[in-house]
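These are the residues of each chain, in order.
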Amino acid sequence: MSKNKKLVSVCALMLALVMCLTACGGGTQQSSTPTSSASASSAPASSAPASSAPESTEPEAFTPAKTVNIIANAKAGTNIDIHARTVMETLKSIDEFAATGANVLVTNQEDGNGAVAQRNVAGLAAGEEADNTLLTLNVGDLAAMLENTDMTVDSFKILGVTVQDKHMIYVRADSPFQTFNDIVEAVKTQKLVIAGGKGDEVMFGSMVKAVIDQNGNLNYLQTSGNNDTAVQVLGGHVDVGIGKPSVLNAYMESGDVRTIAVEGDVRFDGLYADVPTLVELGYGDISYIQCRAFCASPNMSDAAIQYWSDMLAKVCDSDYFVENYVIKNQSSLGYMDAATATEYFLSAQENTLAVLG
Amino acid sequence: METLSLLFSGFSTALQPTNILAMIVGAFLGLIVGALPGIGSLTGVALLLPMTYSFNPTTAIIMLCAIYYANMYGGSYSAIMLNIPGDNSAVMTTLDGYPMAKKGLAGKALFTSNISSFVGGTIGMIILTFFAPNLAKLGLKFGAPEMTSLLLVAMTSLGWMIGEKPLKGLVSAMLGIILATIGSDPVNSTGRFYFHIDYLLGGIQFIPLVIGVFGFSQMITLMGERHIVHDLSSDKKLTYRNSFLTGEEFKRIMPPALRSGFLGTIVGILPGAGGSVANFLGYVLEKRIGKNKEHMGEGVVEGVAAAEAANNAAVAGALAPLLSLGIPGSGTTAVLLGGLIMWGLTPGPLLFVQNSDFAWGLIASMYVANIFTLAVGLIIIPGLANLARVPTRLLIPIISVICFVGAYSSTNSLYGVITMLLAGLLGYAMNVGGYPAAPMLLAFVLAPMLEENMRKAFVMSFGSPLIFMQKPISLFFLLFLAVTLIVPAVKAIRRR
């Protein structure tokens, strides 16, 4: 009897070990353990074997594998995750993609604030996995990546940009500042605080400060995100906020905030029709548009890059994507193909490095 | 009166068959998600969110809120039975819940948990019903200086947790602060103390840490006790009847449940705070002022009641700023906010005006979900309580599996498992050395919030500390802090 009980215990422990092994085998990346990440960090991850290969004149036709993996380097439920899942659903609805019989999965890997996912994808060797793994990459991710890791834009192949989110500058409804120029004037003599989230908003805020603040009177308060920024502004704890329309809409409708400037050169419509752009106001230099893109391993084949770039174009053309993501989040469609997106990200990288110093 | 009539109209929405079904499904899922360590309400809601895209928005949000709410019930079950909090909002429940289970009072602990969750949740919902916009406005008044002062007061609660050996408790708290500094700077996102290990850029994850410190360390302890045969015949019979609380026990749990219900609701509306902070503070408050405070930590109903009432009340509190201002009060409500936007709803100041049916239907559904979840929770008590009779030799592999799976699920990677293993060794060493774990975990949660808010306050004031005195709410908390520190010191000096 005691032998049987021992056997039961041993079996239970074996089951636990098997589950552990299953968990170990669940990773799809080569460097999925901290020790291997630590050793990988000592070797530059920006090697680009593709650059040493002879250029092919025309990429061979590419067909996705049975399973395509989209890695969202953020928690489930975040904007990054929602964007990735909407793209996933849109891909499935595109006839050309559906005809391949491929399945698309979204995997969340938020370890290291997304750095682990970036490292893993950057380290994928040439082959089926590299050709069928996409990673979400936003312009706002560059700051943390450049500051805390040895990875750069060259560590990846940029596949394309789908949407662009422009920043808005807003104040509480009872603020004494009626226009952006009021703030520019005020900051010459008063101390003001401008709040915004992480990543792209930090960069945008830094640009605002660099352009309008010559006396060190403007401090940037980094919040945990757009909603936290709204708390700071609505609560009267800061003077100005940087936000996105999807968060501001409710407060604009209720009259609790006023938007005083919009990034870029094209006005929004609806609630923001009367809000001037920074270009109109003469501050076109203040620009760090949040682009939501996808990237892949630097060892992704040229054929696969072309394929995914084209697929992203089809995603942006799809009514499903426009209705379920662009309109609901008040983003702007801003498709860029692989080459254009790469140039844009390299330019953003330069700007980011200049701000980081 | 108008509020009541709106609430009753909300009931007519909530009690539609589809919505009742969604509530029932959500409550079941929430109980399961809550009971499974590593899968908290945030993960549960986020993973089920895509399933609800095809639902009617009201039905969808009712189901997701039921998951969120029932998760707070379920989190206590594994905390009580296995000493592994099912959710980070149930950490303090382990301190008295598990000792009660070890004494053969698992049924009473579960009963106390369910009743207290119901009471706390009801208090939160009543406050939400009548004061949602005011609650939200109160939350807005708490900026970085106010939160700093409040958190300084909260940090003093560490003193009530360090137990009979202050030095060891202090060391434990400092360890928690040290562990909390690993990761990224909260103000400028620069990596610190991450030793160029990418995984550590995100810091030490709380769920694997808790699972390790409580669950895996306990498993190691049990390994040493595996040859000890417990005399089950001496255990109290684990019948449903024996799980009921006596009249005297009901009287004991009501004051902490009511106090924590109010406290949890207020904590829930504060930006960045949520069920876990409410759980901590509810327990600490009871340990400070409760009638049975000397025995807390040994397995008393007051400890379970205070912790569980607070975390359920915090759910309602977190919904106040979400519905009234479109500002999520917790991580899970942030996911709900994303869902609301996807369904085309805009939570904010005009929600109660433009989507009155939706808003009041949601609030009414919470009342119904509360009753339903209580009923289910009470029914399953005997089944859960029998887990206490599982022999140690079988309990070890069960706990091991739960720890591994829970840790992996929380981070979707081996990083969580490794963290859990190391935390388990640390927790075991702390147990052997007599270092209490609760101060470490409390400090781990509160210290980063304190640091973040303090540094934000200095950014806002351009480095001047006067900001803490210039803000009325901040000044109030600082004065309160001064009184709580100075008065006992003066008394001690006078006694000498």
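Cut-offs applied
- Residues numbered from 1 in each chain as written.
- Chains lettered and ligands numbered in written order.
- Predicted model: local features only at pLDDT ≥ 70, side-chain atom pairs only at ≥ 80, totals over all residues.
- Pairing = 2+ DSSP bridges.
- Helix = DSSP H or I, 4+ residues; strand = E, 2+ residues; numbered from the N terminus.
- Axes fitted to C-alpha atoms, helices over the stretch in contact; angles between N-to-C directions.
- Contact = placed C-beta atoms within 7 Å.
- Nonpolar A, V, L, I, M, F, W, Y, C, P; charged D, E, K, R; others polar.
- Domains from an automatic or database assignment.
- Buried ≥ 20, exposed ≤ 12 C-beta atoms within 10 Å, placed from the backbone.
- Right-handed = clockwise from strand over helix to strand, strands pointing away.

(A) Here's a closer look at the sheet that holds strand β11 (residues 332-336) of chain A. Residues and elements named next belong to chain A. Strand order in the open sheet formed by 6 strands is β2-β1-β3-β10-β4-β11, with mixed pairing between adjacent strands. Looking at strand neighbours, the two that pair on one side only are β2 (103-108) and β11, the edges of this open sheet. Going across the sheet, the axis of each strand differs from the next one's by a mean of 25 degrees, ignoring polarity. Note that strand β3 (residues 133-138) and strand β10 (residues 290-296) share 4 bridges and pair antiparallel. Across the sheet, L135 pairs through a bridge with C295, a residue of β10. Contacts between helix α13 (residues 302-317) and the sheet are confined to β3, β4 (157-165), β10 and β11, with β4 contributing the most and set at about 15 degrees to the helix.

(B) Seen up close, the interface of chain A and chain B. Counting from both sides, the interface comprises 58 residues of chain A and, opposite them, 56 residues of chain B. In terms of residues, the side of chain A that touches chain B owes the most to one element, helix α1 (residues 2-25) of chain A, which gives 10 residues. The residue inventory of the side of chain A that touches chain B, partitioned by class, reads 23 nonpolar, 22 polar and 13 charged.

(C) Seen up close, the domain arrangement of chain A. Residues and elements named next belong to chain A. On domain assignment, one finds that chain A holds domain 1 (62-165 + 291-356) and domain 2 (168-272). Here domain 1 and domain 2 have C-alpha centroids that lie 29 Å from each other. Every contact between the two is made by 11 residues of domain 1 and, on the other side, 9 residues of domain 2. For the side of domain 1 that touches domain 2, the element with the highest residue contribution is helix α15 (residues 338-356), accounting for 3 residues.

(D) Fine view of unusual backbone geometry. All names here are of chain A. The phi dihedral of N113 is positive, around 55 degrees, even though this residue is not glycine. Relative to the helices and strands, N113 resides in the loop between β2 and α6 (115-122). Among the residues examined, N113 registers 24 C-beta atoms within 10 Å and is labelled buried.

(E) Seen up close, the domain arrangement of chain B. All names here are of chain B. By the assigned domains, chain B splits into domain 1 (2-460) and domain 2 (467-496). Looking at the side of domain 1 that touches domain 2, the elements that each hand over two or more residues are α7 (144-156) and α20 (438-460). Ranked by the residues each element gives to the side of domain 1 that touches domain 2, the list is headed by α7, at 8 residues.

(F) Representation of the pairing of strand β6 (residues 192-196) of chain A within the structure. Residues and elements named next belong to chain A. Counting buried positions along β6 gives 4 out of 5 residues, so the element sits mostly inside the fold. In the sheet, β6 pairs with strand β7 (residues 218-222) via 5 bridges, with the strands oriented parallel. What sits directly across from I194, in β7, is Y220. Once the chain exits β6 it traverses helix α10 (residues 200-212) before rejoining the sheet at β7, and the crossover so formed is right-handed. Of the pairings in the sheet, the one linking β6 to strand β8 (residues 240-243) comprises 2 bridges and is parallel in character. If you follow A195 over to β8, its bridge partner there is G241.

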